[in-house]
Amino acid sequence: MDKTKGVKEGLMLPLMEAFYTIQGEGVYSGVPAYFIRLGGCDVGCVWCDVKESWEAGKWPVIPIEEIVEGALEYPGRMVVITGGEPLMYNLNPLTALLKENGFAIHIETSGAHPFSGDFDWVCFSPKKFKAPHPSIYKKADELKVVIFHKSDFEFAEKHASLVQETCVKSIQPEWSKAKLYMDSIVEYVKSNPDWKISLQTHKFMDIP
Ligand SMILES: C[S@@+](CC[C@H](N)C(=O)[O-])C[C@H]1O[C@@H](n2cnc3c(N)ncnc32)[C@H](O)[C@@H]1O
Ligand SMILES: Nc1nc2[nH]cc(C(=O)O)c2c(=O)[nH]1
Ligand code: SF4
Ligand SMILES: [Mg+2]
């Protein structure tokens, strides 16, 4: 199949890497999962921990059947689609095929592009660098805001007012600022108990 057409239809996708590990962040932290990291992101977070993903053209374009075959090699039946920014792509065919194969499907997204795909868990991490698309607010199961600057608490509340009431709200220290903001984050959650803390536990465990 022609690759441009394949990507447009969501039947082929640029795959940076795929690996079986432990979900390190958010509500499902500690659960084994197969990560599918799609290449390409146009959001441009200054503190992004996977900047090498940004250029979509660097990564091989793979048929979704091959991506799912990779996931089937491991015993876990939870997949996390991440990137890069996975919502740059039409995720309907990939999520349908994963579902047919019995996977619980999660996504990590900035929400900066129109929503596609059918997910069991949507982790929405809004960014100041590119505004979310309105379609994300109804879909988010988890709002995970990264704290890089003290103004990010206010940014977190702004997005919290836009998600559904059932959405779990977490704040996650930006890795390089974790020491600087940890006390404020702890105090914030103690004073605002509708929030919880998410840590990048895989970095402490030194696993992918
Ligand atoms: C690399 S992003 C990929 C998915 C999507 N582009 C997004 O931003 O949600 C995966 C998660 O890591 C978070 N993240 C990225 N860099 C980080 C850093 N330096 N410290 C803490 N969290 C970070 C993002 O906010 C997001 O929740
Ligand atoms: N272990 C592990 N957990 C993660 N949760 C979200 C990640 C991501 O980069 O999207 C990530 C990641 O890169 N590794
Ligand atoms: S949206 Fe996600 S992948 Fe893109 S720059 Fe920001 S953290 Fe990195
Ligand atoms: Mg990561």
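Residues numbered from 1 in each chain as written. Chains lettered and ligands numbered in written order. Predicted model: local features only at pLDDT ≥ 70, side-chain atom pairs only at ≥ 80, totals over all residues. Heavy atoms only, no water.

An unreviewed UniProt entry lists the protein chain under the name 7-carboxy-7-deazaguanine synthase, with Shivajiella indica as the source organism. Under the Sequence similarities (unreviewed entry) heading, UniProt states for the protein chain: "Belongs to the radical SAM superfamily. 7-carboxy-7-deazaguanine synthase family." In its Pathway (unreviewed entry) section, the UniProt record describing the protein chain reads: "Purine metabolism; 7-cyano-7-deazaguanine biosynthesis." (UniProt positions renumbered as here; feature names shortened; annotations may be inferred.)

1. So, the overall build of the protein chain
Of regular secondary structure, the protein chain possesses 6 helices and 9 strands. A compact globule built from 208 residues should have a C-alpha radius of gyration of about 17 Å, and the protein chain, at 17 Å, falls within 12% of that. With the principal axes as the frame, the protein chain shows a C-alpha extent of 55 × 35 × 30 Å. By residue count, 52% of the 208 residues in the protein chain fall in the buried class. A separation threshold of at least 6 residues defines the contact pool for the protein chain, and within that pool the share at least 24 residues apart is 63%. Across the protein chain, the mean location of the 22 positive side-chain charges is 5 Å away from that of the 28 negative side-chain charges. (Helix = DSSP H or I, 4+ residues; strand = E, 2+ residues; numbered from the N terminus. Rg over C-alpha atoms; globule rule 2.2 N^0.38 Å. Buried < 20%, exposed > 50% of the residue type's maximum accessible area, 1.4 Å probe, protein only. Contact = heavy atoms within 4.5 Å. Lys, Arg positive; Asp, Glu negative; His and termini not counted. Charge placed at Lys NZ, Arg CZ, Asp CG, Glu CD.)

2. Things to note about the packing of aromatic side chains
Summed over all chains, the structure comprises 10 aromatic pairs. Consider the rings of Phe 115 and Phe 119, whose centres lie 5.8 Å apart with planes at 75°: the pair is edge-to-face. Each member of the pair Phe 115 and Phe 119 is classed as buried. With centroids separated by 5.4 Å and ring planes inclined at 90°, the aromatic side chains of Phe 124 and Tyr 137 adopt a geometry described as edge-to-face. On the criterion of sequence distance, the pair formed by Phe 124 in strand β6 (residues 121-124) and Tyr 137 in the loop between β6 and β7 (142-147) is long-range, its members being 13 residues apart. For Tyr 137, a relative accessible area of 13% puts it in the buried group. Taken together, Tyr 20, Tyr 34 and Tyr 74 form an aromatic cluster joined through their ring pairs. (Phe/Tyr/Trp six-rings, centres within 6.5 Å; stacked < 30°, edge-to-face > 60°.)

3. Considerations on the site of ligand 2
Close to ligand 2 lie Thr 21, Ile 22, Gln 23, Gly 24, Glu 25, Phe 35, Arg 37, Thr 82, Glu 108, His 202 and Pro 208, which account for all nearby residues. Within the backbone of Ile 22, one N or O atom sits 2.7 Å away from a nitrogen atom of ligand 2. Here Gly 24 contributes a backbone N or O atom positioned 3.0 Å from a nitrogen atom of ligand 2. Burial of ligand 2 by the surrounding chains reaches 91%, relative to a free accessible area of 320 Å². Those elements giving two or more residues to the shell around ligand 2 turn out to be β1 (12-22) and β2 (32-38). Its residues assigned to classes, the shell around ligand 2 shows 3 nonpolar, 5 polar and 3 charged. (Near = heavy atom within 4 Å. Polar contact = N/O pair within 3.5 Å; in protein donor to acceptor, adjacent residues only side chain to side chain. Areas by Shrake-Rupley, 256 points an atom, 1.4 Å probe, with all protein chains shown as cover. Nonpolar A, V, L, I, M, F, W, Y, C, P; charged D, E, K, R; others polar.)

4. So, the confidence of the model for the protein chain
Taken residue by residue, the protein chain gives an average pLDDT of 98. The fraction at 70 or more is 100%. Scoring the predicted complex yields pTM 0.99 and, for the interface, ipTM 0.99. (pLDDT = per-residue confidence, 0-100.)

5. Details of the nonpolar core
Of all hydrophobic cores here, the largest spans 43 residues; its most connected members are Leu 98 and Ile 171. The contacts of Leu 98, once residues within four sequence positions are left out, are Ile 36, Val 68, Val 79, Ile 81, Phe 103 and Ile 105. Ranked by size, the runner-up nonpolar core spans 10 residues in total, among them Met 16, Cys 45, Trp 47 and Trp 59. (Core = buried A, V, L, I, M, F, W, Y, C linked by side-chain atoms within 4.5 Å.)

6. Some remarks on the side chain of Ser 198
Within the fold, Ser 198 resides in the loop between β9 (195-197) and α6 (201-205). For Ser 198, a relative accessible area of 3% puts it in the buried group. Within the local environment of Ser 198, its side chain forms a polar contact with the side chain of Gln 172, the two groups lying 2.7 Å apart. Excluding residues that lie within four positions of it along the chain, Ser 198 makes contacts with Glu 25, Gly 26, Lys 144, Ser 170, Ile 171, Gln 172 and Pro 173.

7. Points about a negative patch on the surface
Together, Glu 65, Glu 66, Glu 69 and Glu 73 line one region of the surface with negative charge. Position of Glu 73 relative to the elements: it lies in the loop between α2 (64-72) and β4 (78-82). (Patch = residues over 30% accessible without salt bridge, like charges linked within 9 Å, V, L, I, M, F, W, Y side chains within 5 Å. Salt bridge = Lys/Arg side-chain N within 4 Å of Asp/Glu carboxyl O.)

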